[in-house]
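# Remarks on the overall topology
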Amino acid sequence: MDIKFNPCLRLIQALIITPMKLKLTLASALLFSVIGMSQVTFSTQGIGTNRSDRAVVDMNGDFLDDIISVATSSVQVFYQQPDGTFIEDVLFTTPADNLPSWSLAAADYDGNGYTDLLYGGGNGVTFMRANANGTGFDEVSFPQYVFSQRSNFVDINNDGHLDAFVCHDVEPNVYYINDGFGNLTFNQGGIGDYPTGGHYGSVWIDFDNDGDMDMFNAKCGGGPDRRTDQLHQNDGAGSFIEIGATAGVADAMSTWSSAWGDYNNDGYMDVFVGNSVDPEHKLMTNNGDGTFTNVTAGSGVEDLTTTGIENCAYDFDNDGYIDIVSNGNIFFNNGDMTFTLETDLLPSNNGAFGDLNNDGFVDSFTGSTIFKNNGNTNHYLTINTVGVQSNRNGIGARVSLTSGLGTQIRDVRSGEGFRLMSTLNTHFGLGQDTEIAIVTITWPSGIVDVLEDVAVDQTIVIVEGSTTLGTQDHTGIQLIVSPNPAKDLITITGTTPFTLAQYDVFDMQGKVVLNGSLGSGQINVSTLAQGTYVVRLTNGSSVNSQQFIKR
């Protein structure tokens, strides 16, 4: 069986290994079999996990997706190597008060370069905080009762530090705020407050393109009020407003998870909501004005006649249009907001997703088995985000890519589907495009990085603020934009006059939408569409940038 590897991976590999190592080569795999007949096929390879299989995510900072299986007093990691082999290591821990029986989330919440874990259990929440060299974990368990469901890492208050969020099945949702030193404080209320819960599947996305993360909560169980889905809009000031009804996504259908992606490549996140009780699944397109329209009829989504709890979105065939995977069944995106269903390509729990042989195609792992995507001739780009002012993983960043196919977007996020944890790497399929015009990363901090003329079929690492466009101050001169948000005019002020400066206004795709001489200190932005922009002032060798919102 041919397994493709990526010769263009350009990373410095730094791997720290401790005893109890087992090297698995592809040549020694026990059994391969081809699964399915579709636009892609999957081959199976056994791997020796012997604990509870929960995640595919980079654990040691080398940007290669690893395999994680956990038990009460240990974490079993199969570290992926550049040549496609794996090295097993078992990291022993103090006994965990709670196991990830309901969900696991992963991220580097203390910023030390190694991935930490969140265990969402039926009675509470435990964090496994990786030590300074990635050779072990410190267990941190909270005393509060939490009937955990989906869990996530996300910067809730946008202070540059990752917080944690956990859906509560029988009470209001809970979250843990990071003080910036990796110390977490328990909070409850304000982001999903139904008294008896019903909060099952949280996913954090920027649905309104305003630069901060919102939260959709798939709900299930009990009467219609308890199981009505919610959409919590981030107001940018630390508060969340539930707008599900006005947005058109409040539905009492009973669901454990949803799959978000820009299915029509129009620059806005759409949503597939999988019904867990009746085979009446729902596809909603984002209208770009804060509302959604049900486009299920005729989309092909109605062809799925089974139910389940796991729903995610990835471009499995690398054609440049993101697909939907629902309980092992894949809806292949036709590029026109219709889908072709291929059933039973993967196990019924979907598995955890990532690139497990470094070939640019998304694979799956569950049940001590890797389901390797056999791929095709389509191209790809994988992006690893490294935050500096923002959180280290870049969770909450908006990544966009423009090629001949058009523009695609992704949000970097931790925790989707219901139970498992998938890769933090950002993957794009490119079809037969061989050139990428521009890649733009808009970080939670507001910094915008832009790369032009990027080669295909490679993995790249982008460090926040490392390219030409950013809102960081390059000169120590403070730049103030007011009012912000703005409707017609913005006024530029600072600690030094900017009246001789040239200005450029960039949209979130990194394109210049306005430019000129600052003159009076004001810029007319009335012709801009609603959204988030960056204004950059150039005055000789001085360059200063700031983000603003156009209403």
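Here, the structure is the one placed above.
A brief structural summary. Small disclaimer: the values here were computed from a predicted structure and weren't measured.

### Here we look at the pattern of salt bridges
If the charged atoms of two oppositely charged side chains come close together, the side chains can form a pair. Summed over the entire model, instances satisfying the criterion amount to six salt bridges. Taking the shortest distance from any N to any O, the salt bridge between Arg413 and Glu416 comes out at 3.2 Å. By the burial criterion, Arg413 is buried, and Glu416 matches it.

### Looking at the packing of aromatic side chains
The relation between two aromatic rings is expressed through the spacing of the ring centres and the mutual angle of the planes. All chains considered together, the criterion is met by 25 aromatic pairs. On the basis of an interplanar angle of 70° and a centroid distance of 5.5 Å, the ring pair of Phe316 and Phe353 is categorised as edge-to-face. A residue pair is termed long-range when its members are at least 10 positions apart, and Phe316 in the loop between strand S24 (311–314) and strand S25 (323–326) and Phe353 in strand S28 (residues 352–354) qualify at 37 residues. The exposure classification of Phe316 matches that of Phe353, with both residues buried. An angle of 80° between the planes, with centres 6.4 Å apart, marks the rings of Phe331 and Phe339 as edge-to-face. Residue Phe331 is classed as buried on the basis of its relative accessible area of 0%.

### Things to note about empty space enclosed by the protein
A complete count under the given rule lists five cavities of 30 Å³ or more for this structure. A volume near 410 Å³ is recorded for the largest cavity. Lining the largest cavity are 33 residues, and of these Tyr314, Thr423, Asn425, Thr426 and His427 sit closest to its centre. At the level of elements, strand S20 (258–261), S24, strand S31 (379–386), strand S33 (406–411) and strand S34 (426–431) are the ones that each hand at least two residues to the lining of the largest cavity. When residues in the lining of the largest cavity are grouped by element, the largest group, three residues, is from S33.

### Re the sheet that holds strand S22 (residues 282–286)
Strand order in the open sheet formed by four strands is S20-S21-S22-S23, and the pairing between neighbours is antiparallel. This sheet does not close on itself; its edge strands, each paired only once, are S20 and strand S23 (292–294). Across this sheet, the average inter-strand angle for adjacent strands is 20°, counted without regard to direction. In this sheet, S22 lies alongside strand S21 (residues 270–273) in antiparallel orientation, the contact comprising three bridges. Among the inter-strand pairings, Val271 is bridged to a residue of S22, identified as Met284.

### Considering the nonpolar core
The tendency in soluble globular proteins is for nonpolar side chains to be buried as a group. Leu117, Phe127, Phe153, Tyr176, Leu381 and Val439 are the most contacted members of the largest nonpolar core, which has 53 residues in total. In contact with Phe127, other than residues within four places in its own chain, are Tyr109, Leu117, Leu118, Asp138, Glu139, Val140, Phe142, Phe153, Ala164, Tyr176 and Leu184.

### Overview of the layout of surface pockets
In this structure, the largest pocket spans a volume of roughly 1,000 Å³. Taken together, 46 residues form the lining of the largest pocket, with Asp208, Asn209, Asp210, Gly531 and Thr532 sitting closest to its centre. Elements with a minimum of two residues in the lining of the largest pocket: strand S18 (230–234), S33, strand S43 (531–539) and strand S44 (542–550). Residues of the lining of the largest pocket, tallied by class, amount to twelve nonpolar, 22 polar and twelve charged.

Criteria and thresholds
Residues numbered from 1 in each chain as written. Predicted model: local features only at pLDDT ≥ 70, side-chain atom pairs only at ≥ 80, totals over all residues. Heavy atoms only, no water. Salt bridge = Lys/Arg side-chain N within 4 Å of Asp/Glu carboxyl O. Buried < 20%, exposed > 50% of the residue type's maximum accessible area, 1.4 Å probe, protein only. Phe/Tyr/Trp six-rings, centres within 6.5 Å; stacked < 30°, edge-to-face > 60°. Helix = DSSP H or I, 4+ residues; strand = E, 2+ residues; numbered from the N terminus. 1 Å grid on protein atoms, 1.4 Å probe; cavity = no way out; pocket = protein on both sides within 12 Å on 5 of 7 lines; lining within 4 Å. Points joined across faces, edges and corners; volume = space filled by probe spheres on them. Pairing = 2+ DSSP bridges. Axes fitted to C-alpha atoms, helices over the stretch in contact; angles between N-to-C directions. Core = buried A, V, L, I, M, F, W, Y, C linked by side-chain atoms within 4.5 Å. Contact = heavy atoms within 4.5 Å. Nonpolar A, V, L, I, M, F, W, Y, C, P; charged D, E, K, R; others polar.

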